Amino acid sequence: MTRYLLRRLAGMVVVMFLVATIVFVIAHVIPGDPAAVMLGPSATAADIDALRARLGLDASMPVQYVQFLESVIRLRLGESIFLSRSVTQALAERAPLTLQLTVLAAALATLIGIPIGVLSAVKRGSMVDQVLTAAAMAGASLPSFWIGLTLIEYLAVRLHLLPVAGYGPPDAGVLERLSYLIMPAIALGIPNSALIMRFTRTSMLDVLQEDYVRTARAKGLAPATVIFKHAFRNARTSVLTVIGLTVAGLLGGAIVTETVFALPGVGNLVVSAVLRRDYPVIQGALLVISGVYVLINLGIDVLYAVLDPRVRY
Amino acid sequence: MPRSKQNWSPSVQRRALMLGGAAGLLMPNWRARAQTASVLNIATSGDPGPLDPTPVTSDLLSEITQLFYETLYIFGPDYGIAPLLAAELPEISDGGKRYVIKLRSGVPFHDGSTMTADDVVASLQRWGRLSPRGRTPWAFLDSISAKDPATVEIVLKQPYSPLLNLLAFPNGSPQIMPKRIATAPDPLKDFTGTGPFRLMEYKPDTWVRVGKFPQYVSPQGTANGYVGRREALVDEVRFLPSPNPTTRADGLLAGQYHWADNLTPESYARIHGKPDVAPGVLTAALWVLFIMNNKKGVMSNVLVRRAAQAAIACTDALAAAFGEKSLWTPEGSIYPQGTAWYDADAPGYNQGNPDKAATLLKQSGYKGEPIRILTSTQYDYQYKTAQVIEANLTEAGFKIELVVTDWATILQRRQNPDQWDAFVTGHGVVPEPSSITVFNPSYPGWWDTPDKHALLEAFVTESDPVERVPLWHKLQAQFYIDVPTVKIGAGFTMYGASKRMTGFYPGIWPAFWNTRLSA
């Protein structure tokens with residue numbers, strides 16, 4: 001296991017180098033200029049050139065690339081052009097919010113997806129199964145921004161139950177801040193719960209046809225014991241894969257959700273950085289998100305071994 | 001036997017109580033806080049970026065920084081100039097080359113020091129070095145000095161009449177700050193000013209918080225727009241970036257925000273007829289411009305540009321872009337009625353005549369080359385305007401290629417005359433005509449014919465405000481002869497405000513001093 005982990009971590013270094021290169025190229029190939037965005041619509045070419053020189057953006061691409069790689073090796077992500085702070089600091093300020101949102105949305109998606117998936121598999125072909133499957137399809141098809149705007153309309157504007165947007169005033173406590181994350185977590189979690197539900201259903205259907213499940217039933221075990229202790233235990237490795245992918249996907253989904261709900265998280269940071277062409281932030285944020293993605297995949301592989309004794313590395 | 005609701009087990013009851021308690025703790029808290037009379041919550045369309053208004057001309061940034069920074073002069077409702085940190089209008093002598101500026105005495109900075117002429121000189125030097133508005137007059141600067149602690153003298157090498165107006169702008173602005181800050185290396189890190197509020201905290205994409213400055217010394221006189229008495233009537237103004245216009249309108253309707261900036265026609269319609277909020281438009285309308293490439297390509301031929309002007313139905317474009325009639329105005333005069341610069345004579349405006357356009361196009365020798373129009377969906381009204389223009393021009397015989405990108409891409413592409421033929425943009429009202437971008441020969445579009453050059457030279461060197469008016473009318477006439485740009489019309493910027501708010505000024509840059517929030 002230790003050797004396996006070391007091998008995977010070494011591979012991660014290569015992957016992250018490739019990611020850094022791709023991210024740098026993408027950020028610089030897209031047209032647009034942070035100096036022009038910062039100066040506003042009245043700027044002339046001379047104004048823009050003067051600011052580019054002040055910001056150090058007039059260096060050639062290879063020079064900027066080498067500077068970028070050097071800073072990455074030193075685990076520094078550079079200074080934001082717009083935010084008057086380092087990219088690391090900007091990410092550190094926003095990561096807790098995105099993390100909370102992702103965990104809440106993932107928990108919601110899992111708590112909805114797994115029980116419904118199991119129920120749907122157990123009641124295969126019945127009216128219950130058909131209704132749940134149709135609901136899952138609808139849930140998976142709804143864009144999270146639409147769910148978000150609908151929730152705002154009913155829960156915030158009409159019923160005044162939850163706040164519309166933002167992350168609470170400066171002195172807000174943990175519970176109050178949580179109230180700002182409920183609607184975004186629902187908007188983000190529902191489409192993903194449908195995915196987990198469908199996957200759980202399929203995995204459970206495969207397992208429920210196995211001989212040992214029939215044997216368990218024949219022994220006269222309670223249906224709940226058969227389903228959860230025998231069948232689901234073997235289906236959970238595949239469900240875990242989809243949960244892992246969902247968590248990674250939620251990071252992408254957070255970009256849209258955070259914009260709709262004006263949440264100052266990493267997703268919002270990425271959108272703003274792209275619109276402003278804040279290269280260091282685009283590069284730094286994408287690099288960190290890719291790193292998290294790779295780590296999640298590694299974590300899932302390790303969990304396989306923990307959950308399934310047959311898996312050995 | 002199934003359990004009835006009345007027979008819930010103690011553990012279920014305990015859980016239900018806990019959930020209810022948690023909900024009770026969470027739910028009403030945010031709303032109760034929004035109802036306090038001490039914090040004004042303003043939802044803005046985005047983050048303002050670095051809080052130094054000198055190097056940039058962003059209107060959003062000015063809306064925020066004008067609460068903590070002040071300039072020597074300021075614009076009146078009719079675009080006249082009034083003193084703000086200056087004690088009076090300057091004495092101008094030596095044929096418009098010498099400006100003597102008397103300062104108000106006893107004006108405190110937020111750091112406790114008192115403003116002197118040395119601070120003003122250092123601040124203006126910084127402006128001349130960094131501001132796109134300051135660099136032009138500073139090219140004519142002979143000297144600037146503090147004559148005594150309350151008097152500043154500026155001597156120019158040649159008359160430059162826009163100087164006074166440029167000193168009044170809150171963007172690209174010559175805000176006055178202590179000398180120790182004005183002479184410190186860039187970028188600005190200390191935002192000490194003289195305004196009725198002082199900066200408390202800037203957290204990018206989260207908020208800009210400004211708090212009441214109790215030692216503030218206000219200019220005298222009845223409050224009238226940006227002029228006259230200023231007072232902080234709330235403890236704090238909080239600017240909250242909320243990029244989605246529907247979310248801004250919803251936040252206003254739910255009572256979380258007191259003001260929602262820059263609404264779209266759709267989000268504006270949502271707040272109509274609601275009991276607690278009032279829709280409104282800013283007093284100065286945004287100019288919608290179709291700017292053509294005068295330097296290179298097909299559009300550098302004036303006959304092609306005149307053909308485009310003949311083809312465009314401005315009222316159709318405005319209706320598509322802004323919706324209901326009260327939100328736009330078809331006006332050929334560059335400046336609106338009621339201002340000194342207004343001139344109704346705008347020949348060729350709003351023709352929508354494809355036959356005339358086709359004739360002009362034939363005379364021009366146009367051979368069907370594609371016309372690349374840059375536009376962005378990031379600004380809804382610009383995209384809709386571009387779509388109508390595309391239809392108008394196509395009907396007249398133009399071959400149009402609509403290039404839809406994000407705004408940052410347009411800002412870069414338009415700097416290169418080989419990459420475009422026209423683009424649609426909005427232009428905020430600028431009280432000084434020579435600050436209109438299309439009159440700047442370096443601005444994309446590059447309008448610089450000899451006649452226009454001579455007229456602009458005469459206009460910026462004429463120091464008598466009365467004599468400047470007919471010169472401006474000649475410049476507007478030249479605008480309709482050369483057709484460097486088609487002025488489509490003016491669209492009003494929409495906002496929504498809580499009915500609890502009173503005393504705000506919905507000018508070019510909405511102002512929130514003198515604003516009270518009832519409980």
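Remember, it's a predicted structure, so these values are computed and weren't measured experimentally.

Asks: Explanation requested: the overall build of chain A in the structure shown.
Replies: Counting its regular elements, chain A contains 12 helices and zero strands. When its helices and strands are written in sequence order, chain A yields α-α-α-α-α-α-α-α-α-α-α-α. Each principal axis of the C-alpha distribution contributes one length, and for chain A these read about 85 × 55 × 35 Å. The contacts of chain A with a sequence gap of at least 6 include a subset with a gap of at least 24, amounting to 73%.

Asks: Even after reading the chapter, I still don't get the interface of chain A and chain B, so can you show me in this structure?
Replies: Buried accessible area, meaning the area lost when the parts come together, often serves as the stated size of an interface. With 49 residues of chain A at the interface, the matching set in chain B holds 43 residues. Taken together, the elements giving at least two residues each to the side of chain A that touches chain B come down to α2 (34–39), α3 (45–55), α7 (144–158), α8 (174–208), α10 (223–260) and α11 (266–276) of chain A. Residue classes in the side of chain A that touches chain B are distributed as 31 nonpolar, 12 polar and six charged.

Asks: Help me out: how do you make sense of the domain arrangement of chain B in this one?
Replies: Residues and elements named next belong to chain B. Taken domain by domain, chain B holds domain 1 (59–241) and domain 2 (286–491). The gap between the C-alpha centroids of domain 1 and domain 2 is 33 Å. If you look at the interface, domain 1 gives 14 residues, while domain 2 gives 13 residues. Among the residues making up the side of domain 1 that touches domain 2, the classes are represented as seven nonpolar, four polar and three charged.

Asks: Hey, could you run me through the pairing of strand β15 (residues 370–376) of chain B in this one?
Replies: All names here are of chain B. Most of β15 is tucked away: five of the seven residues are buried. The sheet contact formed by β15 and strand β16 (residues 399–405) spans seven bridges and is parallel. Its bridge partner lying in β16, I371 is registered against I400. Chirality of the crossover, the property in question, places the unit of β15, helix α12 (residues 380–396) and β16 among those that are right-handed. In this sheet, strand β17 (residues 422–427) lies alongside β15 in parallel orientation, the contact comprising two bridges. Paired with L374 across the two strands is F423, which belongs to β17.

Rules used throughout
Residues numbered from 1 in each chain as written. Chains lettered and ligands numbered in written order. Predicted model: local features only at pLDDT ≥ 70, side-chain atom pairs only at ≥ 80, totals over all residues. Helix = DSSP H or I, 4+ residues; strand = E, 2+ residues; numbered from the N terminus. Contact = placed C-beta atoms within 7 Å. Nonpolar A, V, L, I, M, F, W, Y, C, P; charged D, E, K, R; others polar. Domains from an automatic or database assignment. Buried ≥ 20, exposed ≤ 12 C-beta atoms within 10 Å, placed from the backbone. Pairing = 2+ DSSP bridges. Right-handed = clockwise from strand over helix to strand, strands pointing away.

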